[in-house]
Each structure stands twice: as structure tokens, then as C-alpha cells.
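Summary of the model geometry
Listed here are the chains, written in short residue letters.
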Amino acid sequence: MLDGLAAYGRLGHGEALARDVDCNGTLDAVLADLAGELEARDAVVTREPLPVVPGDPEELRTLFANLIANA
């Protein structure tokens, strides 16, 4: 939890790595990382196709992971 707070505190600081990010691929990777936890909780994630957006791939990955973990 402390690592997460520290990472959140760094968002927006330093040099941004903005580039086009395929949110579908990013979400797929996050769901793969969380597969065990989702299965243990009998959770089902449904979604629509997501866009390609400009941004930092790691920050978007962290955003998706936090949204899913907190859902």
C-alpha cells in the first residue's frame, strides 16, 4: 500500500513519457496480472472496446490496476 501511495505521489512529476497507448492491450495486461485475485473472488470484468490515447503507459497501467482492485 505504501508503494502505491509513493507511486501515486510521483504522478505528474518528472518527465512524462507521453505516447499513444492502446488501452485494450494495457487492460489485457492488468487483467492477466490480477487473474488469480479475480478468480479467487469470482469476479467478472466486462468491457467495451477501448481507444488508443496519448499518455504514459505505466501511469495508465497503474490507473487500470487501481480501478479494478478497488471495484
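Please refer to the structure higher up on the page.
On a predicted model such as this, the values are computed, not experimentally measured, just so you know. (Residues numbered from 1 in each chain as written. Predicted model: local features only at pLDDT ≥ 70, side-chain atom pairs only at ≥ 80, totals over all residues. Heavy atoms only, no water.)

**Describing the pattern of salt bridges**
Going through the model one piece at a time under the given rule, you end up with three salt bridges. Across the salt bridge formed by Arg47 and Asp28, the nearest N and O atoms sit 2.7 Å from each other. One end of the pair, Arg47, is in the loop between helix 3 (35-40) and strand 2 (52-55); the other, Asp28, is in helix 2 (residues 23-33), with 19 residues separating them in the sequence. The exposure class of Arg47 is partly exposed, given its relative accessible area of 37%. Its relative accessible area of 41% is what places Asp28 among the partly exposed residues. The partner of Arg41 in a salt bridge is Glu37, with the nearest N and O atoms 3.5 Å apart. (Salt bridge = Lys/Arg side-chain N within 4 Å of Asp/Glu carboxyl O. Helix = DSSP H or I, 4+ residues; strand = E, 2+ residues; numbered from the N terminus. Buried < 20%, exposed > 50% of the residue type's maximum accessible area, 1.4 Å probe, protein only.)

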